[in-house]
Amino acid sequence: MNDAGPRRHDPRLAIALDVDHLDLACLMADAVRPWMGVAKVGFELFSTAGPTAITAMVDRGFEVFADLKFHDIPNTVNRAAAQVGRAGARWLTVHAVGGPDVLRAGVEGLAEGSGGTAQVLGVTILTSDADRSREVLEERVALARDTGCGGVICSAADIGVVKEVAPELKRVVPGIRLPDSSHDDQASVATPASAIEAGASILVIGRTVTSPVQGMTVDSVHLVQALVDLADRAQLVGTSINHL
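Residues numbered from 1 in each chain as written. Predicted model: local features only at pLDDT ≥ 70, side-chain atom pairs only at ≥ 80, totals over all residues. Heavy atoms only, no water.

Peer 1: Just to check I follow, could you spell out the overall build of the protein chain for this structure?
Peer 2: When you go through the protein chain residue by residue, the secondary structure sums to 10 helices and 8 strands. If you line up the protein chain on its principal axes, its C-alpha atoms span 50 × 35 × 30 Å. Within the protein chain, the proportion of its 244 residues that are buried is 53%. Considering only residue pairs separated by 6 or more positions, the protein chain has 70% of its internal contacts joining residues 24 or more positions apart. Accessible area of the protein chain: about 10300 Å², with a carbon and sulfur share of 50%. (Helix = DSSP H or I, 4+ residues; strand = E, 2+ residues; numbered from the N terminus. Buried < 20%, exposed > 50% of the residue type's maximum accessible area, 1.4 Å probe, protein only. Contact = heavy atoms within 4.5 Å. Areas by Shrake-Rupley, 256 points an atom, 1.4 Å probe, with all protein chains shown as cover.)

Shown next, in the form of C-alpha cells:
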C-alpha cells in the first residue's frame, strides 16, 4: 500500500458499503478509514444487519449516511426515521417525489430520534435515470429546502441548479468515478476533483473504489489483497482532492 501523501478522514468522502455481510463491510470501512470520513449504509447492508450496521460504523469513527430512500406514508416514514436517528446516523435519504408530507415526516422523525443532530437528504433524480428535467429538479430541490432537509442527493451535472435554487443545502453526489473507470449503470458521472470543483459537499464513492472486493466473502482467499487494492484506490480519491 502506498503511504505517500497526507492522510485525513475527509468528511467530503463517503464510502459506499454495498455488500451483504457486516463483517465484510467493517473490513472495507477499516481499509479506507485513513482517507474517508463518511460511511454509506444502503439497502443491501441494512437489509442484512439492520441498525447494527449504522452503529458499527459510528463506533469506527465514521459519520453515517443511511441511504435508505424512504418513500411511504408519512407516519411510517416518521417512525422509521426516528429509529435511524437513534442508531446514530448523521444523514438519511428520503425520496422528494413522496411530496412535502413525506419529507417533513422524515425530517421530524429523524430530528426526534437523533436529538436534532441528524439531517434528511432529499433524493431528487436518480443518477441511473437518463430523463432529468430541470423543472422537476428545481421543484424537488425547493421542496427539500422548504421542508427542512439539510441537503439533497443530486448528480454532478445538477449541482449548478441546486446552488441556484437552494445554495444553503448540502449537495451529496453519487456517480463518482476515477478517470478511465467504467460508468457501469450510471447515466451521469464525474471525477472526484471535477465534482468538488463544481460545488459538491460530499462524494459517494462506490464501485470505482470498491470493485476489488465485490463478489467476495470474508472467507475469500484473495480478500487481503483485495482490501489492499481497495485502500490504494481510496487513497487515489483522497489525494485527488487534497488541494481543493
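Further notes follow.
Peer 1: Sorry, what's going on with helix α1 (residues 22-32) here?
Peer 2: Given 3.6 residues per turn, any residue in an α-helix points the same way as the ones three and four places further on. When you tally the buried positions in α1, you get 8 out of 11 residues, the bulk of the element. Every buried residue belonging to α1 is among L22, L24, A25, C26, M28, A29, A31 and V32, and all of these are buried. Next to the buried residues of α1 lie β1 (10-16), β2 (36-42), α2 (43-49), α3 (51-59), α9 (207-210) and α10 (223-240).

Peer 1: Can you help me understand the packing of aromatic side chains in this one?
Peer 2: Given two aromatic rings, one states the distance between the centres and the angle between the planes to describe the pair. Applying the stated criterion to the full structure yields 0 aromatic pairs. Taking NZ or CZ as reference, R33 lies 4.8 Å from the ring centre of F62, over its face. (Phe/Tyr/Trp six-rings, centres within 6.5 Å; stacked < 30°, edge-to-face > 60°. Lys NZ or Arg CZ within 6 Å of the ring centre and 35° of its normal.)

Peer 1: Please explain the packing of α1 against α10 as it appears in this structure.
Peer 2: To characterise two packed helices, one gives the angle between the axes of the helices and the distance between these axes. The interhelical angle for the contact between α1 and α10, taken along N-to-C directions, is 45°, at an axis separation of 8 Å. What the angle tells us is that α1 and α10 run oblique. Note on packing geometry: the crossing formed by α1 with α10 is right-handed. Across from L24, L27, M28, A31 and V32 in α1, the residues of α10 making contact are L223, L227, L230, A231 and A234. In terms of residue class, the contact of α1 with α10 is made up of 10 nonpolar, no polar and no charged. (Axes fitted to C-alpha atoms, helices over the stretch in contact; angles between N-to-C directions. Parallel < 35°, antiparallel > 145°, perpendicular 65-115°, else oblique. Left-handed = near helix turned anticlockwise from the far one by under 90°. Nonpolar A, V, L, I, M, F, W, Y, C, P; charged D, E, K, R; others polar.)

Peer 1: For this particular structure, what's the right way to read the pairing of β2?
Peer 2: Along any regular strand the residues' side chains alternate between the sheet's two faces. Where burial is concerned, most of β2 is hidden: 7 out of the 7 residues are buried. Where β1 meets β2, 4 bridges bridge the pair, whose relative direction is parallel. Bridging from a neighbouring strand, A14 pairs with V38 of β2. Between the parallel elements β1 and β2, the chain passes through α1 in a crossover that is right-handed. (Pairing = 2+ DSSP bridges. Right-handed = clockwise from strand over helix to strand, strands pointing away.)

Peer 1: Any chance you could explain the side chain of H95 here in plain terms?
Peer 2: In this fold, H95 is placed in strand β4 (residues 91-95). Here H95 falls in the buried class, since its relative accessible area comes to 16%. Residues within four places of H95 in sequence aside, it is in contact with K69, F70, H71, L103, V123 and L126.

Peer 1: Honestly, the packing of helix α4 (residues 74-87) against helix α5 (residues 100-114) in this entry has me stumped. Any pointers?
Peer 2: Look at α4 against α5: their axes get within 7 Å of each other, and the N-to-C directions meet at 30°. Here α4 lies roughly parallel to α5, going by the angle between them. Judged by the sense of rotation from one axis to the other, the crossing of α4 with α5 is right-handed. On α5, the residues that touch P74, V77, N78, A81, A82, V84, G85 and R86 of α4 are D101, V102, A105, G106, E108, G109, L110, E112, G113 and S114. Here the residues of the contact of α4 with α5 are counted per class, giving 8 nonpolar, 6 polar and 4 charged.

Honestly, that's just the spatial picture; any functional story needs more than this.
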